[in-house]
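Next come the chains, spelled out residue by residue.
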Amino acid sequence: MTAGDGLTYTYHLNRLAGTVLNGVPQYDAQGAANKWAGTTGLAIAGALNTLYASRNSGRNYNYDLQGALNALAGTSGLGINEAAARIAS
């Protein structure tokens, strides 16, 4: 996996969702994000915003995908893969 190809991002979301079997992700990034957030049918950014809001007193947040991942990681300015890796570490 190389940073920027989406595989690293998908892998880390699956790690967080508990959906990696023998090193292989069992969900795509959206499926993993929904499992992790406890939601179904939301777009990736929506699922991560729901998760972020649930961790922050239910306030409504509206980040794009990279912003939502950085918010969850407690970082700013990281790329999507880097933010996902930071969350998973």
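This text goes with the structure placed above it.
## Comments concerning the packing of helix α1 (residues 7-17) against helix α5 (residues 80-88)
Here is step 1: For the pair α1 and α5, the least separation of the axes is 8 Å and the interaxial angle reads 25°. By the angle between their axes, α1 is roughly parallel relative to α5. Classified by chirality, the crossing of α5 by α1 is left-handed. Within the contact between the two elements, α1 uses Thr-8, Tyr-9, His-12, Arg-15 and Leu-16 and α5 uses Ile-80, Asn-81, Ala-84, Ala-85, Ile-87 and Ala-88.
Here is step 2: Taken together, the residues that form the contact of α1 with α5 break down as seven nonpolar, three polar and one charged.

## Focus on α5
Here is step 1: Looking at α5, one finds that the buried residues are Asn-81, Ala-83, Ala-84, Ile-87 and Ala-88. Looking straight down α5, one finds that the buried residues subtend no more than 165° of arc, so they occupy a single side.

Definitions and cut-offs
- Residues numbered from 1 in each chain as written.
- Predicted model: local features only at pLDDT ≥ 70, side-chain atom pairs only at ≥ 80, totals over all residues.
- Heavy atoms only, no water.
- Axes fitted to C-alpha atoms, helices over the stretch in contact; angles between N-to-C directions.
- Helix = DSSP H or I, 4+ residues; strand = E, 2+ residues; numbered from the N terminus.
- Parallel < 35°, antiparallel > 145°, perpendicular 65-115°, else oblique.
- Left-handed = near helix turned anticlockwise from the far one by under 90°.
- Contact = heavy atoms within 4.5 Å.
- Nonpolar A, V, L, I, M, F, W, Y, C, P; charged D, E, K, R; others polar.
- Buried < 20%, exposed > 50% of the residue type's maximum accessible area, 1.4 Å probe, protein only.
- Arc of directions from axis to C-beta.

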